[in-house]
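# Examination of the molecular architecture
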Amino acid sequence: MRTFYNDDERLAWNLAESLTEQAEESMREAEQALETWKTGKEMNRLRCIRKGISESDAEIRWSASTAAKNAITNNGFYVGLATMYYGAAAANYSRALYLRSLGGRPMAA
């Protein structure tokens, strides 16, 4: 259990924890989008092989597909969102540590 020195420190720490959870959720979404892209690429490659289409042409077809573009866009969006949340969490952790450095008597958690 954490011990806090003042309410501002507690608020900053709790906000940082919440932002970290949101960042982790965004990263899960990004990973899911990347997995969608990988799965779709492999399925497209296999489908093209069955039709006698070369792997390079299959790659071009997959890259031009709406599903591929959506998966890459979603991945980029969620990675950016996670980066923003992690940055905000880091700022709040720093604020909490700064407020702790000001000292005072510990409060009950």
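The structure contained in this document is the topic of the report that follows.

About the cut-offs
Residues numbered from 1 in each chain as written. Predicted model: local features only at pLDDT ≥ 70, side-chain atom pairs only at ≥ 80, totals over all residues. Heavy atoms only, no water. Axes fitted to C-alpha atoms, helices over the stretch in contact; angles between N-to-C directions. Helix = DSSP H or I, 4+ residues; strand = E, 2+ residues; numbered from the N terminus. Parallel < 35°, antiparallel > 145°, perpendicular 65-115°, else oblique. Left-handed = near helix turned anticlockwise from the far one by under 90°. Nonpolar A, V, L, I, M, F, W, Y, C, P; charged D, E, K, R; others polar. Buried < 20%, exposed > 50% of the residue type's maximum accessible area, 1.4 Å probe, protein only. Contact = heavy atoms within 4.5 Å. Phe/Tyr/Trp six-rings, centres within 6.5 Å; stacked < 30°, edge-to-face > 60°.

## Details of the packing of helix H1 (residues 7–51) against helix H3 (residues 66–101)
Between H1 and H3, the least distance of the axes is 7 Å, while the angle of their chain directions is 165°. Relative to H3, H1 is oriented roughly antiparallel. Pair H1 / H3 crosses with left-handed handedness. Broken down by class, the residue content of the contact of H1 with H3 amounts to 25 nonpolar, seven polar and seven charged.

## Examining the side chain of Asn44
If you trace the backbone, Asn44 turns up in helix H1. With a relative accessible area of 9%, Asn44 lands in the buried category. Here Asn44 is in contact with Ala58, Arg61 and Trp62, once residues within four sequence places are set aside.

## Focus: the packing of aromatic side chains
Applying the stated criterion across every chain, the model contains two aromatic pairs. Ring centres of Trp13 and Tyr93 lie 4.8 Å apart, and the angle between their planes is 70°; this geometry places the pair in the edge-to-face category. Here Trp13, found in helix H1, pairs with Tyr93, found in helix H3; they are 80 residues apart in sequence, far enough to count as distant. Judged by its relative accessible area of 18%, Trp13 is buried. Residues Phe77 and Tyr78 carry aromatic rings whose centres are separated by 5.1 Å and whose planes lie at 75° to one another, so their mutual orientation is edge-to-face.

## Observations concerning the environment of Ala96
Within the secondary structure, Ala96 is located in helix H3. Note: C-alpha distance between Ala96 and Ala33 (63 residues apart in sequence) is 34 Å. Here Ala96 is in contact with Glu9, Ala12 and Trp13, once residues within four sequence places are set aside.

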